[in-house]
Protein chains: 2
Amino acid sequence: MSASGVRARVRAEMTEEIKAVAKRHLVTDGANLSLRAVARDMGMASSAVYRYFASRDELLTALIIDAYNSVGEAAERAAAGEASDLERFLRTTHAVREWALAHPHEWALIYGSPVPGYEAPQDTIGPATRVILLIAGIVRDAHAAGRTAEREPISGGYADELAAVADQFTPGTPPRLVAAALSAFIHLGGAISAELFGQLKNSVDHDRRGFFDYQMRGEADRIGLT
Amino acid sequence: MSASGVRARVRAEMTEEIKAVAKRHLVTDGANLSLRAVARDMGMASSAVYRYFASRDELLTALIIDAYNSVGEAAERAAAGEASDLERFLRTTHAVREWALAHPHEWALIYGSPVPGYEAPQDTIGPATRVILLIAGIVRDAHAAGRTAEREPISGGYADELAAVADQFTPGTPPRLVAAALSAFIHLGGAISAELFGQLKNSVDHDRRGFFDYQMRGEADRIGLT
DNA sequence: CCATAACGAGAGCGGTGCTCTTGCTTTCGA
DNA sequence: TCGAAAGCAAGAGCACCGCTCTCGTTATGG
């Protein structure tokens, strides 16, 4: 048991080290990282890596899960502590942006174009929801405390669909607020991707933080946060 | 002259055919298209393709430029004709979305994560600005005709930067409106990418058009279009 | 103690981007 | 008009890739 524990521990360490080396390669090579190259960096044969990850896609999946958890954790850390609703929302979204600036290739991995043949397995959907659930939570709390401004409600098929989602994650929150929260999340991703993927070049080159802040304050205003 | 014109014409046709085959491969293989595969499809040696494109990246650049022009043209077609400002804005943005749904991999090519080693050459920036300039034009026209609602102006470094950009492309438009136009464009890209890249899975599965429409009407409202 | 399972290394398969050389054809200028 | 020059296609080849298979070795557990 303790002996087999050694085996298991070594294996876990090996797995972690492969992921660490792969992340380092991600910085320079982007999404098309080479399994052979990480094997070389670790001083082992490329075929040996397959003892730990069945395929390159599986290694990518592990990195994707780590990335989701990393950005989720950064956001949750920023959201903690006492602050107004607006302040918490801004802190959270800015934390996501700063994480993305610090880990651009990992951002691309989770929010950029999907790898062609790659299909995200079920394991990723949990970690993937951390940020949106955090934002939805801020909105839910503000609403529950009666601190969200009045806006005209929305209706239609989209609203019904949102109401169903709300029932599952943030019961009691009206569709219009869920829609605003999702809108903020979408805008958040769009703004960060635009900045990281070079869409802002030659238009917003100096005050990109101000650019982002403007977008997020607009979304906060739509939600009705103060 | 006319003889050499034959040469040039054949060369142009060959170039176009390579691009066409590459686009077909893009549909199935995504961004990692194989130059050898397109060469095989054309019944020629892979080395012969290098007579027309110096590298795979150069072929990708050609596809990127075509994609920018394609989506720009679709948007411009939708924006043409008589309609209210709001209607023109909605038609335009929906046209972009529909183009993206019809050409998901080309969308990923231009608005998704950039290819790691790839640096977009100067040739792409012109075509890349067609959509944002179109949206900015709608906003400018509405403002010039006095049809935009009053909103509080913005200031700060970001506003100054936007004013400089506005001077170049849409002179006379106040920073606050340029900011709103850019915000709409960013939100547009974020919403489409989220839909195409699978971010909406398990939350918005039925009325995705309604989802998009909601986002865009929100942006139109921020601009003040009616 | 020993069968079994995990492990690492190496060879190999088919694929990739890209280069270089070799012939052939078309173009163009003296 | 004719020969040099340029364009073109093909093939071989290089180094790399993901992945599989085999083969010794080592650790594990009944």
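Residues numbered from 1 in each chain as written. Chains lettered and ligands numbered in written order. Predicted model: local features only at pLDDT ≥ 70, side-chain atom pairs only at ≥ 80, totals over all residues. Heavy atoms only, no water.

1. Notes on the overall build of chain A
Worth spelling out the cut-off: Segments assigned H or I by DSSP are reported as helices when at least four residues long, segments assigned E as strands when at least two residues long, and all are numbered from the N terminus. Relative accessibility under 20% of the residue-type maximum defines a buried residue, over 50% an exposed one, and the middle range a partly exposed one, all with a 1.4 Å probe and only protein chains included. Pairs of residues are marked as contacts when any of their non-hydrogen atoms sit within 4.5 Å. Here the positive residues are Lys and Arg and the negative ones are Asp and Glu; neither His nor the chain ends is included. Every charge is mapped onto a representative atom, which is NZ of Lys, CZ of Arg, CG of Asp or CD of Glu.
Secondary structure summary: chain A contains 11 helices and 0 strands in total. Beginning at the N terminus, the succession of helices and strands in chain A can be written as α-α-α-α-α-α-α-α-α-α-α. Reported as C-alpha extents along the three principal axes, the dimensions of chain A are approximately 60 × 50 × 35 Å. A total of 226 residues make up chain A; the buried ones form 49% of that total. Pairs at least 24 residues apart make up 73% of the contacts formed inside chain A by residues separated by at least 6 positions. Taking the average place of the 24 positive charges on the side chains of chain A and the average place of its 29 negative ones, the gap between the two points comes to 6 Å.

2. Here's the deal with the UniProt feature "domain: HTH tetR-type" (unreviewed entry) in chain A
Using the following cut-off: UniProt positions are given in the numbering used here, feature names are shortened, and annotations may be inferred rather than shown by experiment.
As recorded in UniProt, the feature "domain: HTH tetR-type" (unreviewed entry) lies at residues 12–71 of chain A. Between the end C-alpha atoms of residues 12–71 of chain A the distance is 23 Å, and the span holds 75% helix and 0% strand.

3. Overview of the interface of chain A and chain B
Note the threshold: Here the quantity called buried area is the accessible surface, traced with a 1.4 Å probe, that two parts lose on coming together, added over both. When a carboxyl oxygen of Asp or Glu lies within 4 Å of a side-chain nitrogen of Lys or Arg, that pair is called a salt bridge.
The interface of chain A with chain B comprises 46 residues on the first partner and 46 residues on the second. Summed over both partners, the interface of chain A with chain B comes to about 3,400 Å²; 59% of that surface belongs to carbon and sulfur atoms. At the junction of chain A and chain B, the tally comes to 0 salt bridges. For the side of chain A that touches chain B, the secondary structure elements donating two or more residues are α6 (104–111), α9 (157–169), α10 (175–196) and α11 (208–223) of chain A. Among the elements that make up the side of chain A that touches chain B, the one with the highest residue count is α10(A) (10 residues).

4. Here we look at the layout of surface pockets
Put simply, the rule reads: Here the term cavity refers to a set of points on a 1 Å grid, laid over the protein atoms alone, in which a 1.4 Å probe fits but cannot get out; the term pocket refers to an open set having protein on both sides within 12 Å along at least five of seven lines, with lining residues being those that place an atom within 4 Å of a point. Grid points are joined across faces, edges and corners, and a volume is the space filled by probe spheres set on the points. Charged residues are taken to be Asp, Glu, Lys and Arg, nonpolar residues to be Ala, Val, Leu, Ile, Met, Phe, Trp, Tyr, Cys and Pro, and polar residues to be all remaining types, Gly included.
Here the second largest pocket is characterised by a volume of approximately 1,200 Å³. As for the second largest pocket, its lining consists of 44 residues, of which A:D221, A:R222, B:G218, B:D221 and B:R222 are closest to the centre. Secondary-structure elements contributing two or more residues to the lining of the second largest pocket are α9 and α11 of chain A together with α9 (157–169) and α11 (208–223) of chain B. Its residues assigned to classes, the lining of the second largest pocket comprises 16 nonpolar, 12 polar and 16 charged.

5. Quick word on the pattern of salt bridges
Residues and elements named next belong to chain B. Tallied over the entire structure, the rule returns 32 salt bridges over all chains. Where R77 meets E73, a salt bridge forms, and the shortest distance between an N and an O atom there is 3.5 Å. Here the residue R77 and the residue E73 both occupy positions in helix α4 (residues 56–79), the gap between them amounting to 4 residues, near one helical turn. Owing to a relative accessible area of 43%, E73 belongs among the partly exposed residues under this scheme.

6. Points about the side chain of B:S203
Defined as follows: Side-chain atoms alone can form a polar contact between residues adjacent in sequence; in general such a contact is a pair of N or O atoms within 3.5 Å, and within protein one must be able to donate a hydrogen while the other accepts it.
Inspection of the secondary structure puts B:S203 in the loop between α10 (175–196) and α11. Here B:L200 takes part through its backbone oxygen, which lies 2.9 Å from a polar atom of the side chain of B:S203. Excluding its chain neighbours within four sequence positions, the residues that come into contact with B:S203 are A:E161 and A:V165.

7. Overview of empty space enclosed by the protein
Under the criterion given, the structure shown has 2 cavities of 30 Å³ or more. Put simply, the largest cavity is a space of about 280 Å³. If you trace the largest cavity, you find 24 residues lining it, with A:G189, A:G190, A:S193, B:G190 and B:S193 closest to the centre. Put simply, the parts of the chain that give the lining of the largest cavity at least two residues each are α6 and α10 of chain A together with α6 (104–111) and α10 of chain B. Of the residues forming the lining of the largest cavity, the biggest block, 7 residues, is contributed by α10(A). Looking at the lining of the largest cavity residue by residue, the class counts come to 16 nonpolar, 8 polar and no charged.

8. Remarks on the UniProt feature "DNA-binding region" (unreviewed entry) in chain A
Within the UniProt annotation, "DNA-binding region" (unreviewed entry) is assigned to residues 34–53 of chain A. Span residues 34–53 of chain A is 55% helix and 0% strand, its end C-alpha atoms 13 Å apart.

9. Some words on helix α5 (residues 85–102) of chain B
Applied cut-off: Take the number of residues in a helix, subtract one, and multiply by 1.5 Å to get its expected span.
Compared with the 26 Å implied by 1.5 Å per residue over 18 residues, the 26 Å span of α5(B) between its first and last C-alpha is a close match. Where α5(B) is buried, its residues contact α4, α6, α8 (130–144), α10 and α11 of chain B.

10. Thoughts on the relation of the copies chain A and chain B
In plain terms, the rule: Superposing the copies works by least squares over the C-alpha atoms of residues that have pLDDT at least 70 in both of them.
When chain A is fitted to chain B, the residual RMSD is 0.1 Å, and the transformation amounts to a turn of 180° plus an axial shift of 0.0 Å. Taken together, these values place the two copies in the relation of a two-fold axis. Closest to the rotation axis within chain A is the C-alpha of A:G190, separated from it by 1.8 Å. A high fraction, 100%, of the interface residues of chain A reappear at the interface in chain B, so the copies pair face to face through one surface.

11. Examining the packing of aromatic side chains
Definition in use: Centres within 6.5 Å make a pair out of two Phe, Tyr or Trp rings, where for Trp the six-membered ring is used; the pair is then stacked when the planes are under 30 degrees apart, edge-to-face when over 60, and tilted otherwise.
Scanning the model with the defined rule gives 10 aromatic pairs over all chains in all. Centre to centre, the rings of A:Y158 and B:F211 are 5.8 Å apart; their planes meet at 75°, and the pair counts as edge-to-face. Here B:F211 lies in helix α11 and A:Y158 lies in helix α9, a pairing that spans two chains. Here the aromatic residues A:Y68, A:W107, A:Y111 and A:F185 are joined through ring pairs into a cluster of three or more.

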